[in-house]
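Here's the letter readout for the chains.
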Amino acid sequence: MMTFSQVIDRSRPPETPSLPTFRMPNVYEAELRNGLKILLVEDRRLPVVTLRLGFPAGSKFDPPELPGLAEAAAALLTQGTKARTSRQIAEEAAAIGGTLEAQAGADSLVLRGNALAENLAKLLELAADVTLHATFPEEEIGIYKAKRKQELLAERSQAAYWAEEKLAETVFGPHPYARLNPTLESIERVERKALAAYRDRMLAPNTGVLIVLGALPGRDQVVKLVADRFGNWEPREAVRPPEAKFPKPQRSLKLVDRAGSVQADIRVGRLAVNRNDPDYFPLLVASTVLGGGASSRLFMHIREQKGFAYDAHSMLQPRKDAGLFSVVTQVRNEVVEPALEAVLEEMERIAKEPPTAEELADVKNYLSGIFVLGLETQSALANQLMMVRLMELPQNYLEQYTARVQAVTAEQVRSVAQKYIRPADASLVIVGDASRILKALETFGKPVIVKAE
Amino acid sequence: MKTVLLPALVFCVTKVMSADFRIAFEKYTLDNGMRVILAPDRSVPVVSIYLIYGVGARSEERGRTGFAHLFEHMMFQGSANAPKGLHFKLVESNGGTLNGSTHPDYTDYYEVLPSNKLAAGLWLEADRMRGLAITEENLANQKEAVKQERRLSFDNQPYATAIVDHWPQLAFRNWSNSHSLIGSFEDLEAATVEDVARFFKTYYAPNNAVLVLAGDLDTAEAKKLVGTYFGDIPPQPPPKHPDLSEPATIEARSATYADPHAQVPAVVIGYPGPPRRSADYYALAMLDVLLTGGESSRFQQNLVKGKQSVVQFEANLGWPFASASDYKEPGHYAIFLLHNPKFAGRDVVDQAQAEIDAIRKEGVGEAELNRARTFLRASRIHQLQSSLRRAMLLGQYELLDGNPDLINTELQEFLKVTSEQIRAAAAKYCTPERRFTLEIVPGKAETARGERGK
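Notes on the structure in this doc start here.

### Let's talk about the overall build of chain A
Here is step 1: Regarding its fold elements, chain A presents 17 helices and 12 strands.
Here is step 2: For chain A, the spread of C-alpha atoms along the principal axes amounts to about 70 × 60 × 40 Å.
Here is step 3: For chain A, with 453 residues in total, the buried portion stands at 52%.
Here is step 4: Long-range pairs, those at least 24 residues apart, make up 79% of the contacts in chain A between residues at least 6 apart in sequence.

As structure tokens, then:
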């Protein structure tokens, strides 16, 4: 041991071997006659199984007068079927060591479940029952409405709620991506008929993807279990999504007045691309150089050098038809002006000073490593596989992910930064106490002021 | 019949359980007293490095609230050979994640890395344990960062100030337990570099730490690396631990906090809890599963859905800063209930108490108890998929119990708990006579309660 330590230079970080190549686990695919796609992945580390059943549904299909319909349908899907009350579903899921719940995002609705491995058949039975036979009982709808309204009120007491909502409204304009949340009124208007109609229109075997991961019995046996439960489900015509039309980005400044805020929540955002766009990987790298993690330019400048904020980051949120690029930081009231100045300066700089070779290499390794780290649990892998299917990405997207990150050049970063990270056409949204920060903001233009209520 | 059948049934459950899984690990101690646990699992090329130190917010002195947390920030400001910024850069540029967190009884740090970077992570942790860069500039900068964190995560959030500052004052009598973990701006400002240096020397010694490596690693190679980097860091005299004892007599107390950011009212109720790993500890943890574990739990079915008084809830043995896994007495079995404003906070407290009283009077039926056992077993197994979670549990069980094998064996203790034990524990601990209650109502802090703030 001592001889070993003598030859090691402890004054410098050790040399380490390169990242081992990670082989994606084998995915076995099958399809039922009604078009339901099935993906199976073996994972025998622990005696558990994970299930996902996803559909191209979600809030972008909500009628304009009923934001929150998809979310309500998802929440109520597991609250009663022809055969089971909501309580029976909850108790039967708990009894197999499982959970079962559905969630709707902007582009999709996904039923998520898990159980102890020996109970896979029962998990599939419950999943099929709620998907095919949900009844949306009146009593459960009433409970949902009352609870969701209180939750919404609680969410609205947070500055981040307003920042995210107003930024999405500005960037996505008339497209449903602009609506992140229901309203108290729209929650009240949710009815059984609309929920059942949503389910009948949006959930169909021919658009669905079922993923089962874990300590599985034989593949044929799993496929047979799935066929027994989902085989009689009739295919339907797929619903066309709303047109992917978005407003042309232009500079705007909005102040959300939240009385009593002890700090200001700053967002600077812009319309960006989805994962299928050739600009996606270069922009992902550019956004990460700018504000991904604690070594990024934004973090170093705003937190480490200036001490303006605890957190300063940028992010890219790709959806199916477009994406949102944004910078996020929360700063104390007294430094709103220099902090926002610093954010815009860094956004400007990324196009003028593309990443150095070191920055670029670090960010590529970061993105590649984070990707591998994100495949450690069944749940994480299931989410990635579902994302590839529902976003209609190339089948080898996950296998190719790190290679595509590594292929990004500094010139590409510069080019996409000029295109998407320009302060000149960014939307600025600041949530804070207007009586304390309005003056500081006026140096950036005349803000449109709305109330946080 | 039931009483005869019961032991057999439990035995059966336990037997299936123990055959379910086993987290393999090896534990040894370096000459300088640092305990090391290696838990290899080579299925995914990820390794977690977890370092847990036996010092937390309860070791703070008067006039220095928030110091343990401020010190945790200083751990990321550079060390003898790793200049400021390198720690983040080295981990993140390799795709890793890292963090540190301050708890009442311990402070922990982790790096999750692609497994080829194990040596780099160990080098970083050893370099800062060996010699931290304690400078005026770093301290001044981190005081600002912590104040900003306080504004972001507490002062500008609903419920957070009530929970971190007011709840401990209501629920504890001993200052070591009741003071704010995040600290006051005055106390943070008062901290000096001498304080930092003394704290470092006293508590951040190898003999006051446990290092856990979990995931894709070769045991022999890992041992060699650990010896190289940590082996000659000198030990320090074992630190003195503060007297944390609370008065033996418990008097129920209640208070109301007007929260300027809250729009929906909430209540917190808590009961002083049992010693860690006692029979009552396992019984109360099972009571918690019955009351609040998932969709089929009593609070969900009876309060959220039945009475529709509660909107959301969370509860834990050790809430708000711990869970059953890292609960250490003195602490509470505490419950947070966000509730419908149509109900008075007092009525929601009574409803929650009535749910506990029902178990206190009648115990719990076998079907419901078995469901709770299965729920607990499954949620425990699920979390073990993550190498970081495995590392954390091994480290915490070594530090708090001196027995990391509890990761494999504790489940049986939970599953053995009987209806009668749960009933008795509820009767002993969860009564109104020993209950602390904090009502959080929307409103301006400086105005009378009931007046709504905008």
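### Observations regarding the sheet that holds strand 2 (residues 37–42) of chain A
Residues and elements named next belong to chain A.
Here is step 1: Ordered in space as 1-2-6-3-5-4, the six strands form an open sheet in which the pairing is mixed. Looking at which strands have only one partner, the edges of the open sheet turn out to be strand 1 (28–31) and strand 4 (99–104). Across the sheet, the mean angle separating the axes of adjacent strands is 15° when strand polarity is ignored.
Here is step 2: Relative to strand 6 (residues 209–214), strand 3 (residues 48–55) runs antiparallel, the two sharing six bridges. In the strand pairing of strand 6, L53 is matched with L210.
Here is step 3: Docked against the sheet, helix 4 (residues 120–133) engages strand 3, strand 4 and strand 5 (109–116), running at close to 155° with respect to strand 5.

### Some remarks on the interface of chain A and chain B
Here is step 1: On the side of chain B, 70 residues touch chain A, which itself brings 70 residues to the contact.
Here is step 2: Element by element, the count of residues in the side of chain A that touches chain B is highest for helix 13 (residues 357–373) of chain A, at nine residues.
Here is step 3: Residues belonging to the side of chain A that touches chain B are distributed by class as follows: 33 nonpolar, 23 polar and 14 charged.

### Thoughts on the sheet that holds strand 8 (residues 263–272) of chain A
Residue and element names in this part refer to chain A.
Here is step 1: Across the sheet, six strands lie side by side as 9-10-8-11-7-12; this open sheet has mixed pairing. Only two strands of the sheet have a single neighbouring strand rather than two, namely strand 9 (309–318) and strand 12 (448–451). Between one strand axis and the next, the sheet turns by 20° as a mean value, whatever way the strands run.

### Comments concerning the environment of T409 of chain B
Residue and element names in this part refer to chain B.
Here is step 1: Secondary-structure assignment places T409 in helix 16 (residues 406–416).
Here is step 2: T409 sits in the partly exposed class, given 13 other C-beta atoms within 10 Å.
Here is step 3: Note: C-alpha distance between T409 and S93 (316 residues apart in sequence) is 38 Å.

### What about the nonpolar core?
Here is step 1: Core analysis: the largest hydrophobic core is formed by 284 residues, its most contacted members being A339 of chain A together with M286 of chain B.
Here is step 2: Examining the composition of this core, we find that 10 residues originate from one element, helix 11 (residues 279–292) of chain B, more than from any other.
Here is step 3: Contacts of A339 of chain A, omitting those with residues within four sequence positions, involve I266, I302, F308, A309, T329 and V331 of chain A.

### Re the pairing of strand 6 of chain A
Residue and element names in this part refer to chain A.
Here is step 1: Within strand 6, six of the six residues are buried, which leaves the element mostly enclosed by the surrounding structure.
Here is step 2: Burial of strand 6 is two-sided: the residues V209, I211 and L213 facing one way and the residues L210, V212 and G214 facing the other way are all buried.
Here is step 3: Sheet analysis places strand 2 next to strand 6, joined by six bridges and oriented parallel. Counterpart to I38 in the pairing with strand 6 is L210.

Scoring rules and cut-offs
- Residues numbered from 1 in each chain as written.
- Chains lettered and ligands numbered in written order.
- Predicted model: local features only at pLDDT ≥ 70, side-chain atom pairs only at ≥ 80, totals over all residues.
- Helix = DSSP H or I, 4+ residues; strand = E, 2+ residues; numbered from the N terminus.
- Buried ≥ 20, exposed ≤ 12 C-beta atoms within 10 Å, placed from the backbone.
- Contact = placed C-beta atoms within 7 Å.
- Pairing = 2+ DSSP bridges.
- Axes fitted to C-alpha atoms, helices over the stretch in contact; angles between N-to-C directions.
- Nonpolar A, V, L, I, M, F, W, Y, C, P; charged D, E, K, R; others polar.
- Core = buried A, V, L, I, M, F, W, Y, C linked by C-beta atoms within 7 Å.

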